[in-house]
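Geometric and topological summary
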Amino acid sequence: MIPDLPSFLMGGYECADHINRSGERINLLQTTEHDRRAAEDFAALAALDIRVAREGICWSAVEVAPQQFDFTEVAYRLRAAHAAGVEVMWDLCHFGYPDGLFPTHPQFLPRFVALCRAFAAFHQRVTTAVLYVVPINEISFLSWHSGDVRGTVPFATNAGWDMKWHLCRAAIQGIVALKATAPTCRIVTIEPLIRVHGHDGSDSGHIARMNNDQFQAMDIIGGRLCPELGGREEYLDLLGFNYYYNGQWTDGVVPLPWPEPEDAMRRVPLHRLLLNAYDRYRRPFFLAETGHFGTDRARWLIEVAYEIELVRQHTADFFGVCIYPIVDRPDWDDLTSYSNCGLYDLDAENNRIPHYSSIETVHRLQELWSR
């Protein structure tokens with residue numbers, strides 16, 4: 001069932017809270033001061049008639065002791081969103097875990113399930129709004145980042161599948177706990193959308209497997225793969241796909257340029273990637289993250305809008321586009337280096353500086369999608 005959301009266009013706030021490659025805990029909600037400026041941020045979002053936001057609770061911050069939780073700061077953001085008329089989708093695990101935990105740790109599963117149960121109960125206490133919840137954001141990326149390229153704990157290599165198996169197990173048990181506590185909640189599963197291209201020396205079977213593997217996490221949660229983990233088709237309630245300019249590359253992880261030269265175009269159009277994913281699951285779906293950097297931000301949004309219109313010509317199950325992030329954010333591994341992305345840049349005091357060409361593009365998209 002398509003969710004009853006107040007706007008087609010959505011905005012996301014960077015909420016990564018993992019331990020970076022330097023071994024330092026980051027919390028980008030705090031770094032960008034969204035945790036303190038939520039009322040200001042949501043008012044600005046509502047002024048653009050964007051009425052849906054993606055947020056994260058920051059597991060590493062709310063679990064103050066094993067299986068003990070303090071959602072005070074989350075409550076502030078939730079109330080600020082409601083005051084502005086903004087509906088929220090909540091990520092429970094956005095790449096970060098409390099100190100000492102990682103997906104294969106024996107306490108990871110029970111503590112994550114406790115988090116899901118506690119958050120659902122908290123949400124029911126403070127609001128009557130529908131709970132839209134992402135148990136674990138981008139399992140495929142997180143398993144690769146933590147298990148193959150030493151990007152975060154446990155800083156492993158050659159362990160990506162092991163991480164994915166344990167993260168999917170936790171997500172499935174988390175879904176069970178969420179549904180038991182808040183039966184009307186909507187479960188949102190969000191994964192990257194990518195395309196790997198072969199070159200002259202590539203094995204076609206290898207390329208096909210790489211493109212198929214992007215769906216492993218959703219297949220596991222849906223019970224199509226690793227059925228011993230208890231996945232079920234009904235757990236694939238609402239699906240989100242994240243897509244950025246570097247989401248297509250040649251074998252060997254060499255990103256295709258964007259924009260591409262007209263005489264050497266290799267990219268598969270976004271609408272085809274989205275419709276391929278839709279044909280696989282036939283569930284309500286949306287573009288859960290997209291955006292670009294610097295001066296090309298507006299151009300990227302215009303291209304995405306064109307592709308989304310082609311998707312909407314084929315199915316009524318597509319329900320939204322999320323600009324991510326709305327507010328600029330620093331690099332995870334270098335907090336002094338900002339990305340120049342989103343609708344608002346940040347000055348030295350974290351004041352929000354409008355990026356006018358992007359905001360003007362948003363006005364144009366709102367006109368297009370309000371027809």
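Structure: see above.
Calculation notes
Residues numbered from 1 in each chain as written. Predicted model: local features only at pLDDT ≥ 70, side-chain atom pairs only at ≥ 80, totals over all residues. Heavy atoms only, no water. Helix = DSSP H or I, 4+ residues; strand = E, 2+ residues; numbered from the N terminus. Rg over C-alpha atoms; globule rule 2.2 N^0.38 Å. Buried < 20%, exposed > 50% of the residue type's maximum accessible area, 1.4 Å probe, protein only. Contact = heavy atoms within 4.5 Å. Pairing = 2+ DSSP bridges. Axes fitted to C-alpha atoms, helices over the stretch in contact; angles between N-to-C directions. Parallel < 35°, antiparallel > 145°, perpendicular 65-115°, else oblique. Left-handed = near helix turned anticlockwise from the far one by under 90°. Nonpolar A, V, L, I, M, F, W, Y, C, P; charged D, E, K, R; others polar. Phe/Tyr/Trp six-rings, centres within 6.5 Å; stacked < 30°, edge-to-face > 60°. Lys NZ or Arg CZ within 6 Å of the ring centre and 35° of its normal. Disulfide = S-S within 2.5 Å. Right-handed = clockwise from strand over helix to strand, strands pointing away. Polar contact = N/O pair within 3.5 Å; in protein donor to acceptor, adjacent residues only side chain to side chain. Core = buried A, V, L, I, M, F, W, Y, C linked by side-chain atoms within 4.5 Å.

Scanning the protein chain from N- to C-terminus turns up 12 helices and 17 strands. Whereas a compact globule of 371 residues would reach a radius of gyration of roughly 21 Å, the protein chain reaches 20 Å, a difference of no more than 12%. Its C-alpha atoms put the protein chain at 60 × 45 × 45 Å along the principal axes. By residue count, 59% of the 371 residues in the protein chain fall in the buried class. Across the protein chain, the fraction of contacts at a sequence separation of at least 24, relative to all contacts at a separation of at least 6, is 74%.

We now examine the sheet that holds strand E7 (residues 186-192). Read around the closed barrel, the 8 strands follow the order E1-E2-E5-E6-E7-E9-E12-E13; overall the barrel is parallel. The sheet shows a mean angle of 25 degrees between the axes of neighbouring strands, taken without regard to direction. When E7 meets strand E9 (residues 238-242), the two strands line up parallel, connected through 5 bridges. Within E9, the position partnered with glutamate 191 by the bridge is phenylalanine 241. Across the face of the sheet, helix H6 (residues 139-147) comes into contact with strand E6 (132-136) and E7 while running at roughly 50 degrees to E7.

Attention now goes to the packing of helix H4 (residues 72-83) against helix H5 (residues 108-126). Think of two packed helices as two axes; the pair is described by the angle between the axes and how far apart they sit. For the pair H4 and H5, interaxial distance at closest approach is 11 Å and the crossing angle is 45 degrees. Classified by the interaxial angle, the pair formed by H4 and H5 is oblique. In terms of crossing hand, the pair formed by H4 and H5 is right-handed. Contact with H4, carried on its side by Val74, Ala75, Leu78 and Arg79, involves Phe119, Phe122, His123 and Val126 of H5 and no other residues of that element. Partitioned by chemical class, the residues of the contact of H4 with H5 number 6 nonpolar, 1 polar and 1 charged.

The buried count for H6 comes to 7 of 9 residues, which makes it a mostly enclosed element. Considered for burial, the residues of H6 that qualify are Ile139, Ser140, Leu142, Ser143, His145, Ser146 and Gly147. Lining the buried residues of H6 we find E6, helix H7 (160-181), E7 and helix H9 (216-221).

Tallied over the entire structure, the rule returns 24 aromatic pairs. Arranged with centres 5.7 Å apart and planes meeting at 40 degrees, the rings of phenylalanine 119 and phenylalanine 122 form a pair that is tilted. Of the two residues, phenylalanine 119 and phenylalanine 122 both sit in helix H5, 3 residues apart, roughly one turn of that helix. Across this residue pair, the class does not change: phenylalanine 119 and phenylalanine 122 are buried. A network of ring pairs unites the aromatic residues Phe8, Tyr278, Phe285, Phe318 and Trp369 as a single cluster. Geometry around tryptophan 258 places arginine 299 over its ring, the cationic atom sitting 5.7 Å from the centre. When the ring centre of phenylalanine 8 is taken as reference, the NZ or CZ atom of arginine 312 above it lies at 4.5 Å.

The next subject is the environment of glutamine 68. For glutamine 68, the position within the fold is in strand E4 (residues 68-69). Glutamine 68 gets classed as partly exposed once you look at its relative accessible area, which sits at 48%. Separated by 87 residues in sequence, glutamine 68 and phenylalanine 155 have C-alpha atoms that sit 26 Å apart.

Applying the stated criterion across every chain, the model contains 0 disulfides. In this structure cysteine 226 is not part of a disulfide, and its nearest cysteine sulfur, from cysteine 168, lies 7.6 Å away. Cysteine cysteine 341 remains unbridged, with the sulfur of cysteine 322 as its closest cysteine sulfur at 12 Å.

Burial analysis of strand E12 (residues 285-290) places 6 of its 6 residues in the buried class, which makes it a mostly covered element. One ladder, built from 4 bridges, connects E9 with E12; its direction is parallel. Within the sheet, the bridge partner assigned to glycine 240 lies in E12 and is phenylalanine 286. In terms of strand pairing, E12 meets strand E13 (residues 318-323) through 3 bridges, oriented parallel. Within E13, the position partnered with threonine 290 by the bridge is isoleucine 323. The β-α-β motif built from E12, the intervening helix H11 (residues 297-312) and the parallel element E13 has right-handed crossover chirality.

This next bit is on the side chain of arginine 77. By the secondary structure assignment, arginine 77 is in helix H4. A polar contact is formed between the side chain of arginine 77 and the backbone oxygen of glycine 56, at a distance of 2.9 Å. The contact partners of arginine 77, leaving out residues within four places of it in the chain, are Leu29, His34, Asp35, Ala38, Phe42, Glu55, Gly56, Ile57 and Trp90.

Our focus in this paragraph is the nonpolar core. Formed by 101 residues in total, the largest nonpolar core has its most connected members in Phe42 and Leu274. The biggest single contributor to this core is H5, with 9 residues. Contact partners of leucine 274, with chain neighbours within four places excluded, come to Leu193, Phe241, Phe285, Leu287, Ile308, Val311 and Phe318. With 18 residues, the next largest nonpolar core counts Leu5, Met89, Leu238 and Phe286 among its residues.

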